[in-house]
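# Structure assessment
Chain by chain, the residues:
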Amino acid sequence: MITFDNVSFSYESGAPVLRGVSFHIAPGEAVGLIGANGAGKSTIMKLLLGLLPCTEGEILVDGVRVEKKTLPQIRRTLGFVLQDSDSQMFMPTVYEDMMFAPRNYGLSKEEAEQKVDAVLAQLGLTELKHRHNHKISGGEKRMAAIATILAMEPKAILMDEPSIALDPCNRRTVINAINGMRMTKLIASHDLDMILDTCSRVLLLSGGQLVADGSADEILRDKALLEANRMELPFCLSGRH
Amino acid sequence: MDKINHALDEFREMDALAAQDSPIHRMHPLVKLLITLAYILCVVSFHKYQLSALAVMVLFPILMFQLSGIPVRTCFYKLRIVLPLVCAVGLLNPFYDRAPLLQLGNITVSGGVVSMITLMLKGVFALMASFLLIATTPMDSLCAALRKLHVPSLLVTLLLLTYRYVTVMLREVSVMSDAYHLRAPGQKGIHISAWGSFLGQLLLRSMDRAEDLYESMQLRGFRGEFYYAEVPKCTAGAVAFALGCSAFFAAARCWDLPQLLGNLIT
Ligand SMILES: Nc1ncnc2c1ncn2[C@@H]1O[C@H](COP(=O)(O)OP(=O)(O)OP(=O)(O)O)[C@@H](O)[C@H]1O
Ligand SMILES: [Mg+2]
């Protein structure tokens, strides 16, 4: 589904951010992307979506190379939940925001509305439907942002810090929502507990390189590995409670 | 903060007004746009002394208020900031144009006073008509109508995005002004020494935000053309209404209706 082949990247000004990163994600897999601040997690997502140009190496999404002329196809395949929901929602109401993608992809108003209602029901957000985007709480906005992406029915979903700044209850809602999705998932986060709950496999980035790639259980229990890369054991495995 | 939130709310209220239901709301946006344009052009073209002829034009907004169910109060409340400006335009006329024009009992009215009132009425009428158009037509439908008139899609998209974007920018202002006031207690407004950095920051943030939003739109299939809102069908009734209005505008423009009426009666 998603393949990175020896990808290196640096922003115009400065040191390389990614160096020779390679991995492959199979359809239906749920993968956590972890690493300290500035490790390059968001950069990987932006490269995948073609928001940044891939200059070295090759990136494939669903067998299609990510380059300028394939972008519409790539973006149809991938749904991206941004780190900051405020940047994602631009229509006046949740409903209109959710209609945006399906309508752009040529669905009729009725079809799109059916889809929107189904997603809202699935996430238990029906009462948010006609609320104004600037009058809902941060957690509700995050859920709404996820809903807007699900409404476009992507084959794979990318999420950048989906659990950040959520209360335990909303965090749990997001985790349940993620676990309820059947598509391929790539989730970047520092919230290792959430990764453990939602992903079967983990990619660990450090200093622009992929330092570990394996089952979530193994990597997230490897205290030495995590600490060497400026992270800690997930709280639930740390034995402190 | 309160002021900005208030501004945001007022913005939303316009959306809410436009989402109501009435014969006028259901009318084809293009028809409404054309009628409004015709009305404004007609109003503006009256001669500066044609006060009585111009006064008849008030019938159109009155009819629209009646049919759309939008309270006149709301209109004047929303326009409270621009109305005085428009009215101020003609204030100097009475001083320049002192030639007597008409005699009401033993009061002589100069040309300047008449032209001042005419100018004010023109402004108020044009504003009311524009308000009625916006208050009965969602922005998306209005843009769809503009596209039908073959206004370039770039311009229309720009208009729609600007409209959407104003709220985003207001939100940004609100966050920044909160942050400022939390560290400058007891200050009213933003101190002049901070304006430079405040505006600079606002610009940078807005640009960042705009870029993010644009990316997020592209990721959801946006290719430079909004799917514009479902446009209601153009009914025979709407066309008849448009023709009726135009005929009335033309008649009011060509003849001084109140005078004709007066002549008939006497
Ligand atoms: N627009 C940019 N221009 C230049 N350098 C950038 C830009 N965006 C990010 N970087 C740099 O690239 C590196 C990787 O950034 P990235 O945002 O991918 O990290 P991240 O793993 O998502 O971090 P975080 O966990 O804090 O979100 C950082 O060192 C950052 O300073
Ligand atoms: Mg990041």
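Residues numbered from 1 in each chain as written. Chains lettered and ligands numbered in written order. Predicted model: local features only at pLDDT ≥ 70, side-chain atom pairs only at ≥ 80, totals over all residues. Heavy atoms only, no water.

## Focus on the packing of aromatic side chains
Residue and element names in this part refer to chain B. This is how it is decided: Aromatic contacts are taken between Phe, Tyr and Trp rings whose centres are within 6.5 Å, Trp giving its six-membered ring; a plane angle under 30 degrees counts as stacked, one over 60 as edge-to-face, and the others as tilted. Runs of H or I in DSSP of at least four residues are treated as helices and runs of E of at least two as strands, each being numbered from the N terminus. Buried, partly exposed and exposed residues are distinguished by accessible area as a fraction of the type maximum, computed with a 1.4 Å probe on protein chains only: under 20%, between the cut-offs, and over 50%, respectively. Placement of a charge over a ring requires the Lys NZ or Arg CZ to be within 6 Å of the ring centre, with the centre-to-atom vector within 35 degrees of the ring normal.
Going through the model one piece at a time under the given rule, you end up with 8 aromatic pairs over all chains. Look at Y39 and F60: their rings are 4.7 Å apart centre to centre, the planes differ by 35°, and that puts the pair in the tilted class. Here Y39, found in helix 3 (residues 29-44), pairs with F60, found in helix 5 (residues 59-68); they are 21 residues apart in sequence, far enough to count as distant. The same class applies to Y39 and to F60, which are both buried. Ring-pair connections join several aromatic residues into one group, and the members of that group are Y39, F60, F248 and F249. Over the face of the ring belonging to Y77 we find R80, whose NZ or CZ atom lies 4.1 Å from the ring centre. When the ring centre of F46 is taken as origin, the NZ or CZ atom of R253, which lies over that ring, is 5.1 Å away.

## A word on the interface of chain B and chain A
For the record, the criterion: Contacts between residues were defined by any pair of non-hydrogen atoms, one from each residue, lying within 4.5 Å. Buried surface area refers to the total accessible area, computed with a probe of radius 1.4 Å, that the two partners give up upon joining, counted for both partners together. Here, a salt bridge means any Lys or Arg side-chain nitrogen found within 4 Å of an Asp or Glu carboxyl oxygen. Any pair of N or O atoms that falls within 3.5 Å is considered a polar contact. Within protein, one atom must be able to donate a hydrogen and the other to accept it, and sequence-neighbouring residues count only if both atoms are side-chain atoms. Residues are sorted three ways: Asp, Glu, Lys and Arg are charged, Ala, Val, Leu, Ile, Met, Phe, Trp, Tyr, Cys and Pro are nonpolar, and all the rest, Gly among them, are polar.
In this complex, chain B contributes 22 residues to the contact, which on the side of chain A involves 30 residues. Between chain B and chain A, roughly 2,600 Å² of surface is buried when both sides are summed, and carbon and sulfur atoms account for 56% of that area. At the boundary of chain B and chain A, one finds 2 salt bridges. The closest approach of N and O atoms between R209(B) and D84(A), which form a salt bridge, is 2.8 Å. The tally of links between chain B and chain A comes to 6 residue pairs in polar contact (both at pLDDT 80 or more). It is helix 12 (residues 192-218) of chain B that provides the largest number of residues to the side of chain B that touches chain A, a total of 7 residues. Considering only residue class, the side of chain B that touches chain A consists of 7 nonpolar, 3 polar and 12 charged.

## Points about the domain arrangement of chain B
Residues and elements named next belong to chain B. The test is simple: Source of the domain bounds: an automatic or database domain assignment.
We note that the domain assignment places domain 1 (1-138 + 233-266) and domain 2 (150-228) within chain B. Look at where the C-alpha atoms of domain 1 and domain 2 centre, and you get two points 33 Å apart. Across the boundary between the two partners, domain 1 contributes 7 residues, which contact 8 residues of domain 2. Viewed at the interface, domain 2 and domain 1 are joined by 0 salt bridges. Inspection of the domain 1/domain 2 interface yields 1 residue pair in polar contact (both at pLDDT 80 or more). Its residues assigned to classes, the side of domain 1 that touches domain 2 shows 5 nonpolar, no polar and 2 charged.

## A closer look at the pairing of strand 9 (residues 201-206) of chain A
Residue and element names in this part refer to chain A. Which entries qualify depends on this criterion: Pairing between strands requires that DSSP locate at least two bridges from one strand to the other.
Counting buried positions over the 6 residues of strand 9 gives 5, a clear majority of the element. Examined bridge by bridge, strand 3 (residues 30-34) and strand 9 share 4 bridges and lie parallel to one another. By the bridge assignment for strand 9, V31 is matched with R201. Examined bridge by bridge, strand 9 and strand 10 (residues 209-215) share 6 bridges and lie antiparallel to one another. Among the inter-strand pairings, S206 is bridged to a residue of strand 10, identified as Q209. Counting the residues in the hairpin turn of strand 9 and strand 10 gives 2 residues, including G207, whose phi is positive at 55°.

## Remarks on the pattern of salt bridges
Residues and elements named next belong to chain A. Tallying each qualifying case throughout the model produces 18 salt bridges over all chains. The residue K129 makes a salt bridge to E113 at a minimum N-O spacing of 3.6 Å. Here E113 lies in helix 5 (residues 109-123) and K129 lies in the loop between helix 5 and helix 6 (138-150), a separation of 16 residues in the sequence. We note a salt bridge from D117 to K129, for which the minimum N-O separation is 2.8 Å. With D117 in helix 5 and K129 in the loop between helix 5 and helix 6, this pair connects stretches of sequence that are 12 residues apart. Where salt bridges share partners, they join E58, R65, E67 and K69 into one cluster.

## Focus on the state of the cysteines
Each disulfide consists of one covalent bond between the sulfur atoms belonging to two cysteines. Keep this limit in mind: Only a pair of cysteine sulfur atoms within 2.5 Å qualifies as a disulfide here.
For the coordinates displayed, the defined rule picks out 0 disulfides over all chains. C87(B) carries a free sulfur, and the closest cysteine sulfur to it, the one in C75(B), is 12 Å from it.

## Digging into a nonpolar patch on the surface
Spelled out, the test is: To count toward a patch, a residue needs a relative accessible area above 30% and no salt bridge. Like charges then connect within 9 Å, nonpolar side chains (Val, Leu, Ile, Met, Phe, Trp, Tyr) within 5 Å. Note on areas: Shrake-Rupley, 1.4 Å probe, and residue coverage restricted to the protein chains presented here.
A surface patch of nonpolar side chains, about 440 Å² in accessible area, is lined by Y49(B), L101(B), L102(B), L104(B) and I107(B). Residue position: L104(B) is located in strand 1 (residues 100-104).

## Structural notes on the packing of helix 3 of chain B against helix 10 (residues 139-148) of chain B
Residue and element names in this part refer to chain B. This is how the line gets drawn: Every axis corresponds to a line fitted to the C-alpha atoms, with the helix fit spanning only the stretch in contact, and the corresponding angles, defined between N-to-C directions, vary from 0 to 180 degrees. The scheme is simple: roughly parallel for angles under 35 degrees, roughly antiparallel for over 145, roughly perpendicular for 65 to 115, oblique for anything else.
It is the contact of helix 3 with helix 10, at a shortest axis distance of 8 Å, that shows an interaxial angle of 80°. What the angle tells us is that helix 3 and helix 10 run roughly perpendicular. Contact with helix 3, carried on its side by P29, L30 and L33, involves S141, L142, A145, L146 and K148 of helix 10 and no other residues of that element. Taken together, the residues of the contact of helix 3 with helix 10 break down into 6 nonpolar, 1 polar and 1 charged.

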